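What the coordinates show
Spelled out, the chains give:
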Amino acid sequence: MSNKRLIVALDTNNLSKAKEIVSHLNPEQCMVKVGLELFISQREKILEYLTSENFEIFLDLKLHDIPNTVSKALQAIQEFNISMTTIHLKGGKDMIKAASETAGDIRLLGVSILTSLSEDDIELTYGIPFSNLFQRLLGIAQESKIDGLVCSSHELEYLKEFKGIKVVPGIRNQVLDDDQKRVMSSSEAYAMGADYIVVGRPITDASDIQKKIMEYS
C-alpha cells in the first residue's frame, strides 16, 4: 500500500486547469483522483499526462454494469499508472468477481454509499435505514476479493474489523456550503482508521495549494 495518504481530486473538465493544479503537486507527496467529469471530457489524454508525470492515479468511475462490460473496461485501463479504481458494490457478486479477476495490479475499491446522500435519501430510495444498507454492502465486500472500500468518514466506525483499504472522500477541515453531506476533518478521519482521504475543492480552489496540502497530509 502506498505511503501517500492524500489523494487530490482533479474535479474539472478542463485539461489546462487540471495541468495547472498538477503543477503545484508532487507525485512523491500525493496521489491524484480522476473522476467521471474529467475522464469523460479528456479520456485517455488525462491518464497519459498523469502517467507521464509519474503520478499514481485513483480512477474513480464507480463502474456499475454487467460483468463482461466492467471486465473489459478494467482491461482498457491497464496501460496507465492506475493505482486504484472503483466499482459499485450494488453491482452484485458476479460483477465484483469479474472485476476482481481482471483488475491485475490495480487495487479494486467498492463504493458503498455516496457521501452526497443523507440518511433521509437512503430511506426514500431503499426503504431501509442507512446503517442497514451499509451493513449489507459491507457483507458483500467481505465475501469478495475486493481490495478495499470507499466510504464516508462516518462509516469508519463500522469498519474496525475490516482488513481492506479504507478510502474516505468528503473531507473538510473547514465548513463549506457544497454538496457533501457526511463530512469530517482530515485528522478525525485518520484517527478513525482512514488509509487514504480524498480532497478536492478545499485544496484545488486554494490560493496556496501547497499550504493546503500540508494541512490535509
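Residues numbered from 1 in each chain as written. Predicted model: local features only at pLDDT ≥ 70, side-chain atom pairs only at ≥ 80, totals over all residues. Heavy atoms only, no water.

As a further point, take the overall build of the protein. For the protein, the count of helices and strands is 10 helices and 8 strands. For a compact globule of 217 residues, the expected C-alpha radius of gyration is about 17 Å, and the protein comes in at 17 Å, within 12% of that figure. By principal-axis analysis of the C-alpha atoms, the protein measures approximately 45 × 40 × 30 Å. Within the protein, counting contacts between residues at least 6 apart in sequence, those at least 24 apart form 67% of the total. A total accessible area of about 10,600 Å² is found for the protein, and carbon and sulfur atoms account for 47% of it. In the protein, 24 side chains carry a positive charge and 31 a negative one; their mean positions are 2 Å apart. (Helix = DSSP H or I, 4+ residues; strand = E, 2+ residues; numbered from the N terminus. Rg over C-alpha atoms; globule rule 2.2 N^0.38 Å. Contact = heavy atoms within 4.5 Å. Areas by Shrake-Rupley, 256 points an atom, 1.4 Å probe, with all protein chains shown as cover. Lys, Arg positive; Asp, Glu negative; His and termini not counted. Charge placed at Lys NZ, Arg CZ, Asp CG, Glu CD.)

Burial analysis of strand E2 (residues 31-35) places 5 of its 5 residues in the buried class, which makes it a mostly covered element. Because side chains alternate across E2, one face comprises the buried residues Met 31, Lys 33 and Gly 35, and the other comprises Val 32 and Val 34, equally buried. As defined by bridge partners, strand E1 (residues 6-9) adjoins E2 across 3 bridges and the pair is classed as parallel. Paired with Val 8 across the two strands is Val 32, which belongs to E2. Handedness of the E1-helix H1 (residues 15-22)-E2 crossover: right-handed. Bridge analysis of E2 against strand E3 (residues 57-63) gives 4 bridges, and the strand direction is parallel. Each residue of the ladder has a partner; that of Val 32, found in E3, is Ile 57. (Buried < 20%, exposed > 50% of the residue type's maximum accessible area, 1.4 Å probe, protein only. Pairing = 2+ DSSP bridges. Right-handed = clockwise from strand over helix to strand, strands pointing away.)

On to helix H3 (residues 44-52). Regarding H3, the residues found buried are Ile 46, Leu 47, Tyr 49 and Leu 50. Looking straight down H3, one finds that the buried residues subtend no more than 165° of arc, so they occupy a single side. Asn 54 sits one or two residues past H3 and shows a positive phi near 65°. (Arc of directions from axis to C-beta.)

To continue, consider the nonpolar core. Residues Leu 6 and Leu 50 are the most contacted members of the largest nonpolar core, which totals 60 residues. In this view, Leu 50 contacts Leu 10, Val 22, Val 32, Val 34, Phe 55 and Ile 57; residues no more than four positions away in its chain are not counted. Ala 9, Val 150, Val 167 and Tyr 196 belong to the second largest nonpolar core, which has 12 residues in total. (Core = buried A, V, L, I, M, F, W, Y, C linked by side-chain atoms within 4.5 Å.)

A full pass over the atoms with the stated rule returns 7 salt bridges. A salt bridge links Lys 4 to Glu 56; the shortest N-O distance between them is 2.8 Å. Of the two residues, Lys 4 sits in the segment before E1 while Glu 56 sits in the loop between H3 and E3, which places them 52 residues apart along the sequence. For the pair Lys 4 and Glu 56, a shared accessibility class is recorded, and that class is buried. Here Lys 212 makes a salt bridge to Glu 215, at a shortest N to O gap of 3.4 Å. Of the two residues, Lys 212 and Glu 215 both sit in helix H10 (residues 209-216), 3 residues apart, roughly one turn of that helix. Connected through shared salt-bridge partners, Asp 11, Lys 33, Asp 60 and Lys 62 make up one network. (Salt bridge = Lys/Arg side-chain N within 4 Å of Asp/Glu carboxyl O.)

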